[in-house]
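# Close look at the chain arrangement
What follows is the residue order along each chain.
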Amino acid sequence: MSNGTFPINMRDMKFILYEWLGIERLCQFEKFKDYSRETFDMVLDQAAQLSAEVIAPLNSASDKEGCTYEKGKVKVPEGFHDAFKKYCEGGWIAASVDAEAGGQGLPDSVALAAAEMFVGACCSFTTYPGLTRGCANLIESFGTPEQKKIYLEKMYAGEWTGTMCLTEPQAGSAVGDVKCAAKKEGDHYLIQGTKIFITAGDHNLTPNIIHAVLARTENAPPGIKGLSLFIVPKVRVHADGSLGDPNDVNCGGIEHKMGLKGSATCTLNFGDEGKCHGYILGQEGQGIQLMFQMMNEARLGVGLQGFALGNLAYLYALKYAKERVQGVDIRKMKDPLAPRVTIINHPDVRRMLITMKAYAEGLRALIYKTAYYSDLAKVATDPKEKETCENTIDLLIPVVKAYSTDIAFRMTEWAIQVHGGYGYCGEYPVEQLCRDVKITSIYEGTNGIQAMDLVGRKLSLKKGALVMGWMKEINEFVEKHKGHPTLGPYVTQLEQAKNSLVSTAMHFAKSAASGDPLYPMLQCVPFLEMFGEVQIAYLLLDQSLVAKEKLQALFDKAGATTPEAQAKVIDDQADAAYYSGKVCATEFFVTNILPQVQAKAATVMGGNRSALTIQEAAF
């Protein structure tokens, strides 16, 4: 479970990758032919070692030290320099980038599993390489051959970093209100304007930072259609790749935040002296279109960020509950001489732990499987299979981003509760996780916006093909497994919850068709929660079918036919304990959490409009 003091659930990671998803299948394809399970294991072991030994020790220190801003310059926590060097030497920025572009060419699913460990080790540290990867991806996808030659190798190697610059003081989520200006001058544009909340926007890790900046060209139409995307280096770059003069990009300050204190969140001023050169990516007016093509990856990354911190909070709570002695067995409460027990013996603590366990294993499955669909889409030779994978990714991304990060925040809260008063104190790691994770439900499109995307766009996209494909997958699963001797009743509960979700979606369609767009938007967040609950239940059940079979094989091998003999196998064998835990967590989720879907469906279809009709003065 742990590597030193930094806990890693490698057993569940490998179960999902190998025993459930079967990612070795990818190695049959030309794109991944140089890999095998052994090389994937080596990658995961190296990531675990780097996370535990180099990155995790920075987490608490960087929270206390934070970033500093002085005379226009930003400094990161001191320990980040050596860690960043080691991270880059390992080739981790470009782990899943094609080898031709300077990457390792790993499957997304494996790179994401490694990233789970890095993010958990020190989330604020990973924002610097993470944003670099996002910006470099834009250049790799849409840049000219010259732009790729100048920037890609240095960015993927970590010699330079990158950012995404969208937000402005007057244009947060409403990105169409961006005013940052771009005026054409010869082979470049002059960029002028201010961007705020720019993660990793300025620092002293590298000599140059490459900004991807959304700006409005002269005479461009209003709204998102008038936006273009520009490469704006902090320091100008000569044609041979050497650095030139400063590019009139200045940091006006850094935010003082609730969490992620080792990550510099900057205000950037472009062109205060009228000398900021930007180089267009793609064509004028394509800014949002290009950004949206990278959006799925960014939102998957933020979903992973949230989940990784929530999962870590669970692992810390579990460790604490097994060690902390407090109170007596509830059945012996009246006996003052009864032996004291560890708090994992208390029913309410067990309820919180199994809730966290079910969510951790369900969210990991959701995120890894979405990444696996991305791998399959890259290697699929059948256009229909490729389209099915891409449709599933498009449908699930708002759920991955929003449901994972909302639940992760709750997981950190429950972890604090398990720790009791100590959880509220800085000596234990869970309070920092709670502060760090909160931003994940806000940036990269707030979770309300994700829900609007799911209900307002994804349900009707391609004439409903995305959601119909998803329903077909669940329906086939239900038909195949509802007769299962032990899990069958739970599969039936999944079917009932799925039917409630579908009825709610139809209700939204009727509302929209009758000219009422407000009510579906009022209820889109509860709908996304319902979708998340159904999807997690489905993925947990699918995993439990595998776990159940493997557990039975262990019982058979040990000749364990009675409950007592089987309990002994679970106590004695780590694999048996793991598989048994997977099944227990699934049964708990389906019976204790999934029924909330029907309650939410009743609420949504009840049609109450109080939130829309209440006058502003009456709030």
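We now turn to the structure provided with this report. (Residues numbered from 1 in each chain as written. Predicted model: local features only at pLDDT ≥ 70, side-chain atom pairs only at ≥ 80, totals over all residues. Heavy atoms only, no water.)

## Focus: the layout of surface pockets
- There is about 890 Å³ of room inside the second largest pocket.
- Lining the second largest pocket we find 26 residues, and of these Tyr314, Leu318, Lys322, Lys357 and Gly581 sit closest to its centre.
- For the lining of the second largest pocket, the secondary-structure elements that each account for two or more residues are α1 (10-20), α8 (287-323), α9 (347-379) and α18 (574-592).
- Ranked by the residues each element gives to the lining of the second largest pocket, the list is headed by α18, at seven residues.
- Of the residues contributing to the lining of the second largest pocket, the split by class is 16 nonpolar, four polar and six charged. (1 Å grid on protein atoms, 1.4 Å probe; cavity = no way out; pocket = protein on both sides within 12 Å on 5 of 7 lines; lining within 4 Å. Points joined across faces, edges and corners; volume = space filled by probe spheres on them. Helix = DSSP H or I, 4+ residues; strand = E, 2+ residues; numbered from the N terminus. Nonpolar A, V, L, I, M, F, W, Y, C, P; charged D, E, K, R; others polar.)

## With respect to the packing of α8 against helix α11 (residues 430-437)
- Two elements in contact, α8 and α11, have axes whose closest approach is 10 Å; the angle formed by their N-to-C orientations is 165°. With respect to α11, the axis of α8 lies roughly antiparallel. The crossing of α8 and α11 is left-handed. Of the residues in α11, those in contact with Gly306, Leu309, Leu312, Ala313 and Tyr316 of α8 are Val430, Leu433, Asp436 and Val437. (Axes fitted to C-alpha atoms, helices over the stretch in contact; angles between N-to-C directions. Parallel < 35°, antiparallel > 145°, perpendicular 65-115°, else oblique. Left-handed = near helix turned anticlockwise from the far one by under 90°. Contact = heavy atoms within 4.5 Å.)

## Things to note about the nonpolar core
- Judged by nonpolar contacts, the single largest core of 208 residues is most densely connected at Ile191 and Leu353.
- Apart from residues no more than four positions distant in its own chain, isoleucine 191 is found in contact with Cys180, Ala181, Ala182, Val213, Phe230, Val232, Phe270, Gly271, Cys276, His277 and Gly278. (Core = buried A, V, L, I, M, F, W, Y, C linked by side-chain atoms within 4.5 Å. Buried < 20%, exposed > 50% of the residue type's maximum accessible area, 1.4 Å probe, protein only.)

## A short note on the pattern of salt bridges
- Taken as a whole and assessed by the stated rule, the structure comprises 40 salt bridges.
- For the salt bridge of lysine 31 with aspartate 98, the shortest nitrogen-to-oxygen distance reads 2.6 Å. Residue lysine 31 is located in the loop between α1 and α2 (37-55), and its partner aspartate 98 is located in the loop between α4 (80-89) and α5 (108-121); the two are separated by 67 residues in the primary sequence.
- For aspartate 98, a relative accessible area of 29% translates into the label partly exposed.
- Three or more residues joined by partner-sharing salt bridges are found here, namely Asp12, Glu116, Lys357, Glu361, Arg364 and Lys582. (Salt bridge = Lys/Arg side-chain N within 4 Å of Asp/Glu carboxyl O.)

## Some remarks on helix α3 (residues 58-65)
- Taken together, the buried positions of α3 are Leu58, Asn59, Ser62 and Asp63. All buried residues of α3 project into a common sector of 130° when viewed along the axis, lining one side.
- Packing partners of the buried residues in α3 comprise α2, α4, α5, α6 (123-142) and α11.
- Trailing α3 by a residue or two, glycine 66 shows a phi angle of about 65°, which is positive. (Arc of directions from axis to C-beta.)

## Side note on the packing of aromatic side chains
- Evaluation of the coordinates by the stated rule reveals 20 aromatic pairs.
- Ring geometry for tryptophan 470 against phenylalanine 531: centres 4.5 Å apart, planes inclined by 35°, an arrangement best described as tilted. Of this pair, tryptophan 470 sits in helix α13 (residues 461-481) while phenylalanine 531 is found in helix α16 (residues 524-558), placing the two residues 61 residues apart along the sequence. With respect to class, tryptophan 470 is no different from phenylalanine 531; both count as buried.
- Lying across the ring of tryptophan 160, lysine 154 places its NZ or CZ 5.4 Å from the centre. (Phe/Tyr/Trp six-rings, centres within 6.5 Å; stacked < 30°, edge-to-face > 60°. Lys NZ or Arg CZ within 6 Å of the ring centre and 35° of its normal.)

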